[in-house]
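Listed here are the chains, written in short residue letters.
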Amino acid sequence: ANVEAGSYKIPVRATTSTTSAELDLEVVITGTYQMELTTPRGLLSSEITAGDNKNIDLIVQNTGSAELKDIQLSANKPVDWEVTFEPSKIDKLTAGSTTNVTATIKASGKALPGDYVTKMTAKTPEVNTTAEFRISVHTPMIYGWLGILIIVLVLGGVYYLFRKYGRR
């Protein structure tokens, strides 16, 4: 799997008790296929508010010794989420080079607070690579303020009832 690109001769010998034959086969190795999908800082987690969009910068790196062609980007995401890539396809990536890709994640407006996993995949006919991103979802701040307002109104109502119907 880690052999260097080049041309190699393989001797093949077939023998019986009375005869033998020998043949040299030539094998041409064009290179190894390896690819990595990550972020510029190597951080595979992020935070998002339910219903919002988040852009994540990705790096697709050809770590092999052969050129990769027709790299397709896709994502396995939670229900009602959207993930788009710009560009969604990389035509050619030479050995040792990198390409920047932007993934736009749109969390569902009905997403509950917590951690979600999105698997992003870069795929060619020769090699696949997957990166798991952990995304923490938070509720919008308006819900927190709405909760505090409800608590204040209930406490005010209880205070009013004690003042009106309490012991005199």
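Here, the structure is the one placed above.
Just so you know, these numbers come straight off a predicted model, no measurement behind them.

Teacher, can you tell me more about the overall build of the protein here?
Looking only at helices and strands, the protein has 1 helix and 11 strands in total. Taken over the C-alpha trace, the protein has a radius of gyration of 30 Å; the compact-globule value for 168 residues is 15 Å, which it surpasses by more than 25%. The principal-axis extents of the C-alpha atoms in the protein amount to approximately 125 × 35 × 25 Å. Within the protein, buried positions represent 26% of all 168 residues. For the protein, the exposed surface amounts to about 11,800 Å²; the carbon and sulfur share of it is 54%.

Explain the pattern of salt bridges here, please?
Any two side chains of opposite charge can pair, given that their charged atoms come close. A full pass over the atoms with the stated rule returns 4 salt bridges. For Glu22, the salt bridge is made with Arg13, and the minimal N-O distance between the two is 2.9 Å. For Glu22, a relative accessible area of 53% gives the class exposed. Taking the relative accessible area as the measure of exposure, Arg13 reaches 60% and is therefore exposed. With a closest N to O distance of 3.8 Å, Lys69 and Glu67 form a salt bridge.

Help me out: how do you make sense of unusual backbone geometry in this one?
Residues Glu86 and Pro87 are joined by a peptide bond in cis, for which omega reads -5°. Within the fold, Pro87 resides in the loop between strand E7 (82-86) and strand E8 (89-93). The phi torsion at Asp70 lies on the positive side, around 55°, for a residue other than glycine. Structurally, the position occupied by Asp70 is in strand E6 (residues 68-76). When its relative accessible area of 40% is taken as the criterion, Asp70 is described as partly exposed.

Conventions used here
- Residues numbered from 1 in each chain as written.
- Predicted model: local features only at pLDDT ≥ 70, side-chain atom pairs only at ≥ 80, totals over all residues.
- Heavy atoms only, no water.
- Helix = DSSP H or I, 4+ residues; strand = E, 2+ residues; numbered from the N terminus.
- Rg over C-alpha atoms; globule rule 2.2 N^0.38 Å.
- Buried < 20%, exposed > 50% of the residue type's maximum accessible area, 1.4 Å probe, protein only.
- Areas by Shrake-Rupley, 256 points an atom, 1.4 Å probe, with all protein chains shown as cover.
- Salt bridge = Lys/Arg side-chain N within 4 Å of Asp/Glu carboxyl O.

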